Every structure is written in C-alpha cells, then in structure tokens.
Amino acid sequence: MTGGRDVARAIDALRRGWTVTVDGTAYLGVETADDAALAVFDAPGRADLLISGPRAVTLKLANQREAVPTGPVLIERTSWIDLAEAVAIADPARDLSNPLKGPFRAGAAPSGAEAAIQLTRLAGLLPALFAGGTPGADAVHLLSGDIFFTVDQPSVSVASRARLPIEQAEKAEIVAFRTLGDPAEHVALVIGQPTGVPPLVRLHSECLTGDVLGSLKCDCGPQLDGALEAIAEAGWGILLYLRQEGRGIGLINKLRAYALQDQGFDTVDANLRLGFGDDERRFAVAARMLEALGQPEVRLLTNNPRKVAGLEAAGIHVRERVPLQRGLNPHNRAYLDTKRTRSGHAL
Ligand SMILES: Nc1nc2c(ncn2[C@@H]2O[C@H](COP(=O)(O)OP(=O)(O)OP(=O)(O)O)[C@@H](O)[C@H]2O)c(=O)[nH]1
Ligand SMILES: [Zn+2]
C-alpha cells in the first residue's frame, strides 16, 4: 500500500486533468480532461468511459449488466463519444433538454472502479472517468485500498490550537486538524471545560451558502448558531466543523444539485442524477477528532440517525441524541420535508 500521501497527489492530479492509475487501470477525469490530454490517453486504442451506479440508473443503463447497478458501470466508447459527449453523459445539467443518450454498450468495470469513483468525489468532480487508456509518464499509481483507507480509516492529527472567544461563549478554543490523504482541514471548537459528563457535541457539515451567505434554501446557518448557543448554555461541549460541503459532494457539485432543484428535482434525486448517493459523508473522521480531544463518549445534537450510527460504528459511544430544530422558512420547507420523508430525519 502506498498510503495517504499518494491519495492526496492523485486528487490533485485528477483536478488538474492528469492521469492516475488504480489497481493498474489508468483514469482521466471527464470534467478536467481536454482534447489534447484525451488524444494521448486514447492512443493507441480508444479508452472507455466509467460512470457511477446512480448515474447509470438515471441514464437507464440499469439492466444491461445487472438490474440495479450498485457499482460503477463501464461504457464502451464508440466514435460518437468524444469529449463533449462524455461531458454530456456525465453532467445532468442538460438531461431534460437532451434526454435521449445512447445507444450504449456496457462492459465489465475494472476492479478498482469503485475506488476510482471515490477519488473523483474526494476531488470534488463529477463521478465520471475515461478508463483504460495510456497513463502519462507522471501518473500517480494507487491501489483501491489506499483510497478506501483514507475515507474509512482516516488518520488525523492536531495541527494547531488557539483561544477563540466567540459571540456565544468567551471561553472557547479552536483546534485545527490535518487528515492524511485528505486536503480538507477539519476544525473543532471546544467550548468550556470538561465537567465529568460527556460533552454536548454537534457535527456540523460545511455549507458555504448557508453558513456564510445566509441562504434560505437550507437550515444550516441557524443550526450552526443554535448549536453554539446550546453548547454554550450547557457550559461544556464541542462543535466539529467538518469540511463536508454538500453532504460530501463538494461545493461545485452541490451548486449543480441546486440547479437541478430549480428544474424540479428534490435534494435526494438531484444528488442521484449527478451520480452520487443521497449522503456521501463518512463520520469516521469526526470520531477520530473526538478521540484526539479525549472524548470517546458524547451527547449528540442532531436529528439525523446516520450521524449517530456513523459515530457509533467508528467507536464513539453516543450516550444521548439531543434534537436541534432551527431555521424553518418558506424556502426550505420542501427541503426539510424531503430530509424527513426520504432521508430518515427525526424532525
Ligand atoms: N448535496 C446537497 N447538499 C446539501 C443540500 N442542502 C444542504 N446541503 C448540505 O447538507 C449538509 C447539512 O448537513 P447538517 O446540517 O450537518 O446535517 P443534517 O444531515 O441536516 O443533520 P442534522 O444533524 O439533523 O442537522 C451541508 O454539508 C450542506 O452543504 C442539497 O440540496 N444538496
Ligand atoms: Zn446548508
């Protein structure tokens, strides 16, 4: 196993339109490729196109190999699938105006396909890759295990800490973490001092639009304020500010999901059309951060049972779930209804 540093290099390479290999198969990101890079990748024979399972379902590629593809699907590229067509297959932006794509022939996905798709997600790109072409001389070589390890068993370390008085609590300390292989810089805000009871903890996933710009499409901004108030009131607790923008799909993909919502899709279907799961977050990184802060047991402020399950699975005991409801407005009513009816939220 080559380890986390190479995962970080591979993320960077994909973002820049360079090749990577996973388990020996070469990949080039559809979103970041250009004609020149694709021509080199395509020599001597045309490479294939790999898309994620949810995107394959949207494109009705489902029953060519399995009834409902759970894993990625390889599309054999014939001459009409040039770069522009590949982008149209990967990007749902014009699905409604251009609904008929194909015909496609699906082939067997290479063994590292799922890990390669995970890598596009870590890079914040659409989950689609040219696959099986010629790797560049400077390609980063990975094994699937390197990528899954970075995601499921993250290695975190405290990088810096400082006093940070905030509006809700003058006695607070900010702790910044580095995660091997993952460029995201996660942060903890520790409020007050341990009192002997498990801390009141909030896992807050980054939402630039809601946290910073005051978006009314979601409830993130008011929930962030509400969580800080609740922790300050309890006198002791921790807010983890996790850089998992857009439930783990990244800012650009979240804004693509918003554009699909403007076309009438709900928050879950928008994610699926883009080729992602409803919620791509992993909470193992939060568990490691809590351990690094010496807190293996918590009282968790959330309405989301997946957060409780995710922390428990990663070895943190959730003594109690404390509900948090804030920020209902006419713009986010449908969004919050969808979270309740389709994503299992408690409120
Ligand atoms: N993909 C996607 N992400 C969204 C959308 N709206 C908000 N988000 C993201 O959803 C996340 C909000 O999650 P949280 O408030 O931490 O968690 P939650 O799942 O709502 O659970 P609670 O703990 O009950 O609040 C942030 O990362 C937002 O950027 C959307 O329509 N699509
Ligand atoms: Zn939000």
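Residues numbered from 1 in each chain as written. Chains lettered and ligands numbered in written order. Predicted model: local features only at pLDDT ≥ 70, side-chain atom pairs only at ≥ 80, totals over all residues. Heavy atoms only, no water.

1. A few points about the overall build of the protein
- Across its full length, the protein carries 14 helices and 14 strands.
- In terms of overall size, the protein behaves like a compact globule, its C-alpha atoms giving a radius of gyration of 21 Å where 347 residues would be expected to give roughly 20 Å.
- Summarising its shape, the C-alpha atoms of the protein cover approximately 65 × 45 × 35 Å along the three principal directions.
- When each of the 347 residues of the protein is scored for burial, the buried share is 54%.
- Accessible surface, the protein: about 15500 Å² in total, of which carbon and sulfur atoms supply 53%.
- Averaging the locations of the 37 positively and 41 negatively charged side chains of the protein gives two centres separated by 3 Å. (Helix = DSSP H or I, 4+ residues; strand = E, 2+ residues; numbered from the N terminus. Rg over C-alpha atoms; globule rule 2.2 N^0.38 Å. Buried < 20%, exposed > 50% of the residue type's maximum accessible area, 1.4 Å probe, protein only. Areas by Shrake-Rupley, 256 points an atom, 1.4 Å probe, with all protein chains shown as cover. Lys, Arg positive; Asp, Glu negative; His and termini not counted. Charge placed at Lys NZ, Arg CZ, Asp CG, Glu CD.)

2. Concerning the coordination of the zinc ion (ligand 2)
- The zinc ion (ligand 2) binds to the protein through Cys-207 (SG), Cys-218 (SG) and Cys-220 (SG), with metal-donor distances spanning 2.1 to 2.2 Å.
- Along the chain, the residues that donate to the zinc ion (ligand 2) are spaced as C-x10-C-x1-C.
- Classification of Cys-220 as buried rests on a relative accessible area of 14%. (Donors = N, O, S within 2.8 Å, 3.2 Å for Na, K, Ca; no water.)

3. Side note on the UniProt feature "binding site: Zn(2+)" (unreviewed entry) in the protein
- The sites that carry the UniProt feature "binding site: Zn(2+)" (unreviewed entry) are, in the present numbering, Cys-207, Cys-218 and Cys-220. Of the residues named above, Cys-207, Cys-218 and Cys-220 line the largest pocket.
- Residue position: Cys-207 is located in the loop between strand 11 (200–205) and helix 7 (208–212).
- Excluding residues within four positions of it along the chain, Cys-207 makes contact with Val-212, Cys-218, Cys-220, Tyr-241, Glu-245 and Lys-254.
- Under the relative-accessibility criterion, Cys-218 is labelled buried at 2%. (UniProt positions renumbered as here; feature names shortened; annotations may be inferred. 1 Å grid on protein atoms, 1.4 Å probe; cavity = no way out; pocket = protein on both sides within 12 Å on 5 of 7 lines; lining within 4 Å. Contact = heavy atoms within 4.5 Å.)

4. Observations regarding the UniProt feature "domain: GTP cyclohydrolase II" (unreviewed entry) in the protein
- When the UniProt feature table is mapped to this numbering, "domain: GTP cyclohydrolase II" (unreviewed entry) covers residues 161–323.
- Helix makes up 38% of residues 161–323 and strand 25%, with an end-to-end C-alpha separation of 29 Å.

5. Concerning empty space enclosed by the protein
- Inspection of the entire model under this criterion finds one cavity of 30 Å³ or more.
- Reported here for the largest cavity is a volume of approximately 60 Å³.
- As for the largest cavity, its lining consists of Arg-247, Thr-267, Val-268, Asp-278, Asp-279, Arg-281, Asn-304, Arg-306, Lys-339, Ser-343 and His-345.
- Those elements giving two or more residues to the lining of the largest cavity turn out to be helix 11 (267–274) and helix 14 (333–343).
- Considered class by class, the residues forming the lining of the largest cavity number one nonpolar, four polar and six charged. (Points joined across faces, edges and corners; volume = space filled by probe spheres on them. Nonpolar A, V, L, I, M, F, W, Y, C, P; charged D, E, K, R; others polar.)

6. Some points on the side chain of Lys-254
- If you trace the backbone, Lys-254 turns up in helix 10 (residues 251–262).
- Of the residues examined, Lys-254 reaches a relative accessible area of 7% and is grouped as buried.
- Here the side chain of Lys-254 touches Thr-209 through a polar contact of 2.7 Å, side chain to side chain.
- Polar contacts involving the side chain of Lys-254 include one to the side chain of Glu-245, which spans 2.9 Å.
- Not counting chain neighbours up to four residues away, the residues in contact with Lys-254 comprise Cys-207, Leu-208, Thr-209, Glu-245, Gly-246 and Ile-249. (Polar contact = N/O pair within 3.5 Å; in protein donor to acceptor, adjacent residues only side chain to side chain.)

7. So, the sheet that holds strand 5 (residues 106–107)
- Pairing is mixed across the open sheet formed by seven strands, whose spatial order is 5-4-3-6-2-1-7. Both edges of this open sheet fall to strand 5 and strand 7 (140–142), since each of them pairs with a single strand only.
- One ladder, built from two bridges, connects strand 4 (residues 73–75) with strand 5; its direction is antiparallel. Note on strand 5: the bridge partner recorded for Ile-75 is Ala-106.
- Contacts from helix 1 (residues 4–16) reach strand 1 (20–22), strand 2 (25–29), strand 6 (128–131) and strand 7, with the element oriented near 125° to strand 7. (Pairing = 2+ DSSP bridges. Axes fitted to C-alpha atoms, helices over the stretch in contact; angles between N-to-C directions.)

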